[in-house]
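Close look at the chain arrangement
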Amino acid sequence: MGMLKLFELAARMDKLGVSVTRAGLIIVLLWIGGLKAFRYEADGIVPFVANSPTMSFFYADPGNYKAHKNTEGVLVPENRSWHEANRTYEFAYGLGTVIVIYGLLLCLHPWLPQAAAIGSFLVFTMSFVTLSFLITTPECWVPALGDAQHGFPYLSGAGRLVIKDAIMMGAALVTMADSAKAYLRKRSSSASQSKVAPKNQQNGD
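Residues numbered from 1 in each chain as written. Predicted model: local features only at pLDDT ≥ 70, side-chain atom pairs only at ≥ 80, totals over all residues. Heavy atoms only, no water.

Examining the packing of helix 6 (residues 88–107) against helix 7 (residues 113–131)
Helix-helix packing is described using two parameters, namely the angle between the two axes and the distance between the axes. Let me state the cut-off plainly: Fitting a line to C-alpha atoms yields each axis, with helices limited to the stretch in contact; the angle taken between N-to-C directions then spans 0 to 180 degrees. Helix numbers and strand numbers start at the N terminus; a helix is a DSSP run of H or I with at least 4 residues, a strand a run of E with at least 2. If an angle is under 35 degrees, it is roughly parallel; if it is over 145, roughly antiparallel; if it lies from 65 to 115, roughly perpendicular; otherwise it is oblique. Here a crossing is called left-handed whenever its near helix is offset anticlockwise from the far helix by less than a right angle, and right-handed whenever the offset is clockwise. Contacts are residue-level and defined by heavy atoms, with any inter-residue pair within 4.5 Å sufficient. Amino acids outside the nonpolar list (Ala, Val, Leu, Ile, Met, Phe, Trp, Tyr, Cys, Pro) and the charged list (Asp, Glu, Lys, Arg) are all regarded as polar, and Gly is one of them.
Closest axis-to-axis distance for the helix 6/helix 7 pair is 7 Å, and the angle between their directions is 140°. Overall, the two elements helix 6 and helix 7 adopt an arrangement that is oblique. Every pair of crossing elements has a handedness; the one defined by helix 6 and helix 7 is left-handed. Along its contact with helix 6, which presents I99, Y102, L105 and L106, the element helix 7 presents A115, A116, G119, S120, L122, V123 and M126. Looking at the contact of helix 6 with helix 7, its residues break down into nine nonpolar, two polar and no charged.

Quick look at the structure:
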């Protein structure tokens, strides 16, 4: 197969690409949203929420989270008790429910593309909020503990996790546009059929 044929094949992959993009968003949203019901995941998002000027009020004591961090896989009962009093898990349950709902909205694309378009827009907005954590969350950057590489632009593990939402933001725009087009085609087709029906009735008369 020549190089030109490969490019022609690649050029026809746009529809498949949108479908794979939508499926990827759905998997991520349902999976990550569902994990918010588990305490280790709720513990992991505490620095983002506690430092956010628009979210910290959900916690009872956001200023003292650093003294009660839980490493993944480690159970510290005292820290868990603090997070229960801090409303850490209540917030995570609510956030997880919202994320799962967004994923379910995207699943409606074949039947209710308008709902899927709204869901994609909400995912775009959520990704924008997530990316703002790069500004508000100190843990997104390598701390100054002696190494020369710290602060901007040296992303920590948390920062590398957040920056990936730039991809999700773009993917949400792609699926939003595709669902909106599908809705407009469906609406146009319904309007055309409604115009044809009266004409057929007149001809029948």
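Back to the write-up after that little detour.
Describing the nonpolar core
What counts is decided by this rule: Throughout, nonpolar core names a set of buried Ala, Val, Leu, Ile, Met, Phe, Trp, Tyr and Cys residues whose side chains join them through atoms within 4.5 Å. Burial status follows relative accessibility: with a 1.4 Å probe on protein chains alone, a residue under 20% of its type maximum counts as buried, one over 50% as exposed, and anything between as partly exposed.
Core analysis: the biggest nonpolar cluster contains 17 residues, and Y59 and V162 have the highest contact counts within it. When residues of this core are traced back to their parent elements, those giving at least two are helix 4 (46–51) and helix 8 (133–136). Ranked by residues supplied to this core, first place goes to helix 4 with four residues. Apart from residues no more than four positions distant in its own chain, Y59 is found in contact with I45, V46, V49, A50, N86, R87, T88 and F91. Residues L25, I99, Y102 and A171 belong to the second largest nonpolar core, which totals eleven residues.

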